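Structural overview
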Amino acid sequence: MSEFKQTFNSSLGKKLIMALTGLFLCTFLIVHLGGNLQLFQNDEGYAFNVYANFLTHFPPIEIVAYLLYVTIVVHTFYALMLTVKNRKSRPVKYASVNKSPASWGSKNMGLLGSVLLLFIVIHMGDFWYKYKFTDSVGFKEYKTNVLTNKRTVNDFKPQDPAFEHSFTTENDVEIVRVKDLHTKVSKSFKQWWYVIIYVIAMGALSFHLLHGFQSAFRTMGWTHRKYTPVVEFIGTWFFAVIMPLGFAAMPVFYFFINR
Ligand code: HEM
């Protein structure tokens, strides 16, 4: 077996792959949270729909999206291999005295990851799949007077079944016709059980990242007397608190506020 293959088949190699793919997924989450903040705008979905349209029609982003899907599969696959290997080599559980949230997270990464995987399957099935591969998502037409900023919104029924989007300007009126993912998201977030699934999944995300973000840095050997506390601070406050709260706030907000 080549040295390269041996490294990536060893436990350390598998952990390195977990760390690298995990950090890539963390980067995706930052961008995803930032983009989805458009949902809080009171503009009948204009900013969110234009953003979703941009994501699916800008080729460099489409390439990164495919890299993201591969990363999710690789991260899951290596997590499974490591969990099975650890179970086999340690059949008797360690007695534990440390009850901190971080150590609870570290011992349950497999369970937390499985909850997240289930969430991602439900989530992508409902939004991403329906948006890209079905005609269950309709279209909206936004007409904005560029001089007064006044906007009117209508449902739009394209004549051409292959129609995807259009951006035109006629007599100082900007006309944007795009798929209406906003209405789909809004309808999903009006169902109480949907909101509960999201809130539970964001709890799992919090504990998963509380351990995972800092652990990735340790696995990569990126530890430093001065910078490790900064990584721990970011891992705890940004990834385990602000980010899950930000994501969970979206379904909760739509459930209680009529948009
Ligand atoms: C609760 C707040 C969230 C909202 C409102 C939301 C919304 C969306 C929407 C609308 C899409 C489809 C976008 C498109 O294809 O253009 C999407 C895709 C996706 N979401 Fe989320 N999301 C949320 C949280 C999450 C979380 C926490 C994760 C991961 C743990 C996640 C993972 C994904 C993935 C992997 C995709 C497919 C990526 C792509 O192809 O663009 N989402 N999300």
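Sequence positions are assigned chain by chain, starting from 1 and proceeding in written order. Local features are withheld for residues below a pLDDT of 70 in this predicted model, meaning they are given only at 70 or higher, and side-chain atom pairs are given and counted only at 80 or more; totals for whole chains, interfaces and linings count all residues.

**Quick notes on the domain arrangement of the protein**
Where we set the bar: Each domain's extent was defined by an automatic or database domain assignment. Contacts here follow a simple rule: the backbone-placed C-beta atoms of the two residues must lie within 7 Å. Helix numbers and strand numbers start at the N terminus; a helix is a DSSP run of H or I with at least 4 residues, a strand a run of E with at least 2.
Along its sequence, the protein is organised into domain 1 (3–91 + 100–138 + 180–256) and domain 2 (139–179). Distance from the C-alpha centre of domain 1 to the C-alpha centre of domain 2: 33 Å. On the side of domain 2, 10 residues touch domain 1, which itself brings 12 residues to the contact. Examining the composition of the side of domain 1 that touches domain 2, we find that 5 residues originate from one element, helix α3 (residues 46–57), more than from any other.

**Topic: helix α4 (residues 59–89)**
Basically, it comes down to this: Helix span is expected to be 1.5 Å times the residue number reduced by one. Partly exposed residues are those falling between the two cut-offs: more than 12 but fewer than 20 other C-beta atoms within 10 Å of their own, whereas 20 or more means buried and 12 or fewer means exposed, with C-beta atoms placed from the backbone.
Over its 31 residues, α4 extends 45 Å from the first C-alpha to the last, a length consistent with the 45 Å expected when each residue adds 1.5 Å. All buried positions along α4 are accounted for by His75, Tyr78 and Ala79. Tucked into the core, α4 has its buried residues touching α2 (11–36) and α6 (109–133).

**Concerning unusual backbone geometry**
Of note in the backbone geometry, Glu44 takes a positive phi value of approximately 55° without being a glycine. Despite not being glycine, Asn171 has its phi angle at roughly 45°, a positive value. Relative to the elements of secondary structure, Asn171 occurs in the loop between β3 (166–170) and β4 (173–179).

**Side note on the site of the ligand**
Put simply, the rule is: Nearness rests on one distance test: the residue's C-beta atom, set from the backbone, must lie within 6 Å of the molecule or strand. The nonpolar class holds Ala, Val, Leu, Ile, Met, Phe, Trp, Tyr, Cys and Pro. Asp, Glu, Lys and Arg form the charged class, and all remaining residues, Gly among them, are polar.
Taken together, 22 residues surround the ligand, and among them Ala65, Phe127, Trp128, Phe247 and Met250 come closest. If you list the elements that add at least two residues to the shell around the ligand, you get α2, α3, α4, α6, α7 (181–188), α8 (192–219) and α9 (228–256). Take the shell around the ligand: its biggest share by element is 7 residues, from α6. Taken together, the residues that form the shell around the ligand break down as 18 nonpolar, 4 polar and no charged.

**Here we look at the nonpolar core**
Side chains that are nonpolar tend, in soluble globular proteins, to be buried together. Where we set the bar: Note on definitions: a nonpolar core is a set of buried residues drawn from Ala, Val, Leu, Ile, Met, Phe, Trp, Tyr and Cys, linked by C-beta atoms within 7 Å.
The biggest cluster of nonpolar side chains holds 29 residues, and the ones touching the most others in it are Ala201, Ala204, Leu205 and Leu209. Put simply, the parts of the chain that give this core at least two residues each are α2, α3, α4, α6, α7, α8 and α9. Here the element with the most residues in this core is α8; it accounts for 11 residues.

**A short note on the pairing of strand β2 (residues 151–156)**
Quick reminder of the rule: For two strands to be treated as a pair, DSSP must find at least two bridges joining them.
Of all the 6 residues making up β2, 0 are buried; the element is thus mostly uncovered. The pairing of strand β1 (residues 139–145) with β2 spans 6 bridges and is antiparallel. Opposite Lys143, over in β2, you have Thr152 as the bridge partner. Between β1 and β2, which follow one another and run antiparallel, lie 5 residues, and Asn149 among them has a positive phi close to 65°.

**Here's the deal with α7**
A turn of α-helix holds 3.6 residues, and therefore any two residues three or four places apart point the same way. We count it as follows: Of all possible arcs, the one meant is that of the directions from the helix axis to the C-beta atoms.
When α7 is considered as a whole, its buried residues turn out to be Leu181, His182 and Val185. With its buried residues spanning 100° around the axis, α7 presents them on a single face. In this structure, the buried side of α7 is in contact with α3, α6 and β4.

**Some thoughts on the sheet that holds β4**
Counted only if it meets this: A fitted line through C-alpha atoms represents every axis, and for helices the fit uses only the stretch in contact; the resulting angles, taken between N-to-C directions, go from 0 to 180 degrees.
Reading across from one edge, β2-β1-β4-β3 is the order of the 4 strands in this open sheet, with antiparallel pairing throughout. Each end of this open sheet is capped by a strand with a single partner; those strands are β2 and β3. When strand polarity is set aside, the average angle formed by the axes of neighbouring strands in this sheet is 20°. The sheet contact formed by β3 and β4 spans 5 bridges and is antiparallel. By the bridge assignment, Phe167 is partnered in β4 with Val176.

**A word on the packing of α6 against α8**
Rule in force here: In what follows, roughly perpendicular refers to angles from 65 to 115 degrees, roughly parallel to angles under 35, roughly antiparallel to angles over 145, and oblique to any angle outside these ranges. The handedness criterion is simple: a crossing whose near helix is rotated anticlockwise from the far helix by less than a right angle is left-handed, and one whose near helix is rotated clockwise is right-handed.
Packing of α6 against α8 leaves a shortest axis separation of 9 Å and a crossing angle of 135°. Classified by the angle their axes make, α6 and α8 are oblique. Handedness of the crossing formed by α6 with α8: left-handed. Along its contact with α6, which presents Met109, Leu112, Gly113, Val115, Leu116, Phe119 and Ile122, the element α8 presents Ile197, Ala201, Ala204, Leu205, Phe207, His208, His211 and Gly212. Its residues placed into classes, the contact of α6 with α8 shows 11 nonpolar, 4 polar and no charged.

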